[in-house]
Amino acid sequence: MENIISIVKKDLKEIAQKFNISKDPIVEINKNNIDSHFSSTLALMSAKELKQNPVQLAENIKHELLQKDYYDQIEIAGPGFINIKLKTELLSTTIKNITTLKEAYGKNENKNKIINIEYVSANPTGFLHVGHARNAVTGSVLEEVLKFDGYEVQTEFYTNDAGNQINILAVTVFVHYLWALGIEAEKPANTYGGTFYDDLANIMIQKYGDKFKNLTFTETAISDDETHQIFRKEAVQHFLAEIKQQLKDFGVVIDHYSSEQEMYDTNQIEKLLEEYKEKNATYEADGALWLKTTEFGDDKDRVLVKKDGSLTYIVPDLATHNIRIERTNADVLINIWGGDHHGYIPRMRAGLQLLGHNPDILEIEMVQMVRLIKDGQEYKMSKRKGTAVWLVDIMEMVGKDALRYMLASKSSSSHMDLDLDLVQQKNATNPVYYAQYATARCHSILNQAEQKNIKANLNVSNLLSNKKEVELLLTLDNFNQVIQMSAKNRAPQLICEYIQTVCKQFHSYYADTKILDENDVPTSEARLGLVLSVLQVLTNAFTIIGVSALETM
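Basis of the calculations
Residues numbered from 1 in each chain as written. Predicted model: local features only at pLDDT ≥ 70, side-chain atom pairs only at ≥ 80, totals over all residues. Heavy atoms only, no water. Helix = DSSP H or I, 4+ residues; strand = E, 2+ residues; numbered from the N terminus. Buried < 20%, exposed > 50% of the residue type's maximum accessible area, 1.4 Å probe, protein only. Contact = heavy atoms within 4.5 Å. Salt bridge = Lys/Arg side-chain N within 4 Å of Asp/Glu carboxyl O. Axes fitted to C-alpha atoms, helices over the stretch in contact; angles between N-to-C directions. Parallel < 35°, antiparallel > 145°, perpendicular 65-115°, else oblique. Left-handed = near helix turned anticlockwise from the far one by under 90°. Nonpolar A, V, L, I, M, F, W, Y, C, P; charged D, E, K, R; others polar. Core = buried A, V, L, I, M, F, W, Y, C linked by side-chain atoms within 4.5 Å. Domains from an automatic or database assignment. Polar contact = N/O pair within 3.5 Å; in protein donor to acceptor, adjacent residues only side chain to side chain. Buried area = accessible area lost by both parts, 1.4 Å probe. UniProt positions renumbered as here; feature names shortened; annotations may be inferred. Pairing = 2+ DSSP bridges.

Asker: Mind showing me how you'd approach the environment of I314 here?
Answerer: Tracing the backbone through its elements, the reader meets I314 in helix α11 (residues 314-328). Its relative accessible area of 5% is what places I314 among the buried residues. The sequence separation of I314 and Q206 amounts to 108 residues, and the corresponding C-alpha distance is 39 Å. Setting aside residues up to four positions removed in sequence, I314 forms contacts with V303, L304, Y344, R347 and M348.

Asker: Hey, could you run me through the pattern of salt bridges in this one?
Answerer: Where charged atoms of side chains with opposite charge meet at close range, the side chains can pair. According to the stated counting rule, one finds 19 salt bridges in the structure shown. Salt-bridge contacts for E363 lead to R490; the nearest nitrogen and oxygen are separated by 2.9 Å. A residue pair is termed long-range when its members are at least 10 positions apart, and E363 in strand β12 (residues 362-367) and R490 in the loop between α17 (479-488) and α18 (493-512) qualify at 127 residues. Across this residue pair, the class does not change: E363 and R490 are buried. Because the salt bridges share partners, they merge into one network encompassing E143, E144 and K147.

Asker: Can you walk me through α17 in this structure?
Answerer: Given 3.6 residues to a turn, an α-helix orients residues that are three or four positions apart in the same direction. The element α17 is extensively covered by neighbouring structure, given that seven of its ten residues are classed as buried. For α17, every residue scored as buried is listed here: F479, N480, Q481, V482, I483, S486 and A487. Looking at the buried positions of α17, the neighbouring elements they touch are α1 (4-18), α5 (130-148), α16 (467-477), α18 and α19 (521-545). Phi for R490, located one or two positions after α17, is positive at around 50°.

Asker: What should I look at first to understand the environment of G339 in this one?
Answerer: Structurally, the position occupied by G339 is in the loop between β11 (332-338) and α12 (345-353). As for G339 and V367, which are separated by 28 residues in sequence, their C-alpha atoms are 5.4 Å apart. Other than its neighbours up to four places away in sequence, G339 contacts M366, V367 and Q368.

Asker: I'm lost on the packing of α17 against α18 in this one. Help?
Answerer: If you want to describe how two helices pack, look at the angle between their axes and the distance between the axes. The geometry of α17 relative to α18 is characterised by a closest axis approach of 9 Å and an angle of 155° between their N-to-C directions. The pairing of α17 with α18 is recorded here as roughly antiparallel in orientation. Crossing handedness for the pair α17 and α18: right-handed. Packed against α17, whose contacting residues are F479, V482, I483, M485 and S486, the element α18 presents L494, I495 and Y498 at the interface. A per-class count over the contact of α17 with α18 returns seven nonpolar, one polar and no charged.

Asker: I tried to follow the nonpolar core on my own but got confused; where do I start?
Answerer: A general trend in soluble globular proteins is that nonpolar side chains are found buried together. The biggest cluster of nonpolar side chains holds 116 residues, and the ones touching the most others in it are I61, F250, L418 and I499. Among the elements that take part in this core, α19 stands out by supplying twelve residues, more than any other. Built from parts of two domains, this core gets at least three residues from each of domain 1 (4-86) and domain 2 (428-545). With residues near it in sequence (within four places) discarded, I499 still touches Y405, A435, L538, A541, F542 and I545.

Asker: I'm lost on the environment of D198 in this one. Help?
Answerer: Checked against the element boundaries, D198 lands in helix α7 (residues 196-208). Expressed as a C-alpha distance, the spacing of D198 and Y313, which sit 115 residues apart in the sequence, is 31 Å.

Asker: Whenever I open this one, the side chain of Q165 confuses me. Can you help?
Answerer: For Q165, the location among the structural elements is in helix α6 (residues 164-180). Q165 gets classed as buried once you look at its relative accessible area, which sits at 18%. From its side chain, Q165 meets the backbone oxygen of N160 in a polar contact 3.0 Å long. Discounting chain neighbours no more than four positions away, the residues touching Q165 are N123, T125, N160 and Y192.

Asker: How do you make sense of the domain arrangement of the protein chain when you look at a structure like this?
Answerer: Quite often, the size of an interface is put as the accessible area lost when its parts meet. If you check the domain split of the protein chain, you get domain 1 (4-86) and domain 2 (428-545). Centre-to-centre separation of domain 1 and domain 2, based on C-alpha positions: 28 Å. Residue-level contacts link eight residues of domain 1 with seven residues of domain 2. With both sides pooled, the region where domain 1 packs onto domain 2 buries about 740 Å², and carbon together with sulfur makes up 54% of that total. Run the count over domain 1 and domain 2 and you get three residue pairs in polar contact (both at pLDDT 80 or more). For the side of domain 1 that touches domain 2, the leading source of residues is α1, giving four residues. In terms of residue class, the side of domain 1 that touches domain 2 is made up of four nonpolar, three polar and one charged.

Asker: Would you mind going over the UniProt feature "short sequence motif: 'HIGH' region" (unreviewed entry) in the protein chain with me for this structure?
Answerer: Under the UniProt annotation, "short sequence motif: 'HIGH' region" (unreviewed entry) lies at residues 122-132. With 27% helix and 0% strand, the stretch residues 122-132 has end C-alpha atoms that lie 7 Å from each other.

Asker: Help me understand the sheet that holds strand β8 (residues 282-285) in this model?
Answerer: Hydrogen bonds between backbone groups are what pair the strands of a sheet, and the pairing can be parallel or antiparallel. Ordered in space as β8-β9-β10, the three strands form an open sheet in which the pairing is antiparallel. A strand with exactly one partner marks an edge of an open sheet, and here the two such strands are β8 and β10 (302-305). On average, each strand axis in the sheet is inclined to that of its neighbour by 45°, with strand direction left out of account. Bridge count between β8 and strand β9 (residues 288-291): four bridges; the pairing is antiparallel. Across the sheet, residue A285 finds its bridge partner in β9, namely A288.

Right, dumping it as structure tokens:
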């Protein structure tokens, strides 16, 4: 089922082929102050190629377009802009398209390509904080956008469960365990903070009693190694389960969880180093093992194994990406990373290229910091204490929908101030309220129509001809183009921008128009079809960003 803008593009493409124009036509929705629906620069772009006057070329294109009976008016403006006005009947087919396709409206053709997205990947050392929340929203909305655009999408979470941070976690939980037993212990400065470690300490007591009470600890180890390993394992399992539950409560379900520790246990690190050596991609210098990343664009070669035999951070990262490429069979890997990882990208791509992979397989999307604002001040409080503001606390304060919407509404590569007071306002200044009020308003109109026994006309009609109706129809018709742009640019925020545009147009239309008029039933039926279409498109867009389309406010 073709949308309107696609029909116009297709017609122009056929004309371009007829005139031996090599460029693809660009078609855009016209601004409100121009009395036409679309404009194209095809003549301006192609005049030089054809050695023709752009205005004359535009006139020739106009003549061809007018052979179709659904063009109402075509005007040539300025140096060769083609302004296109369609007949109202064609515009009204948007309603039929939307109400026929329903939840599939906006979806693009299957691309037969797999995209694998790794996101969140928080250390399993505690609760998720607001920075993880932004990462989770960026990844999950991008996942839905790419699915809508026709990709097969896989998602995964890389669990950093092997580093020194897990030793620190074990000691943190052990100190809380001692405290829960009533034993005084001084907590090392480098350990983690938060009251949720008390919960795990009590679980450990229920499971093991006080059998570990006489042991001592340092900053990174419990004195008995077997006990240390127990606390490591129990803590990782506990917090990984907690992370999964918090993500689920936040509307995020990730397909696959990989483990750094598992890589060590299955000798994947040794296999990687051996593979690099076989490919002559490493050399020894100053007692260390180096990777020849400068061969593929890195600013310097990178150490893999230090003088003391320990591995650098890049080794497990390269190993997990190598495994991921082979396991997933994905055409593209996308990592949603924190902004502080920016300098890491060239060395990762070079490392993969040295293994024989296409470096372009790896894309990195950066997520910058979120600063919370409350009462005009930066907000750093958390009732669960610790060094961060936890996701569960913010969700309790503002709700899942408000938090997801606001975090999705700005480009993830920009720093963000999130006003906690604003997102709790129940007026048009709050973008979330403004958006959800539109779907509630649609439901209210539909309920009134049912009471008045007015049924929606979903067929071709010439009754939706006022300026605001045309504006809405064109915007609704453009939904799949927004999906394409959002997917292509990895820009989930474009969905929120689109939602705000639809809502602004719909609220304005509602304010100016008597949608249900018992003295003019045919027009009311056509307008009711438009309301149904607005509701469906907003519902589809809300589904993509993981926000509820409310029936009542």
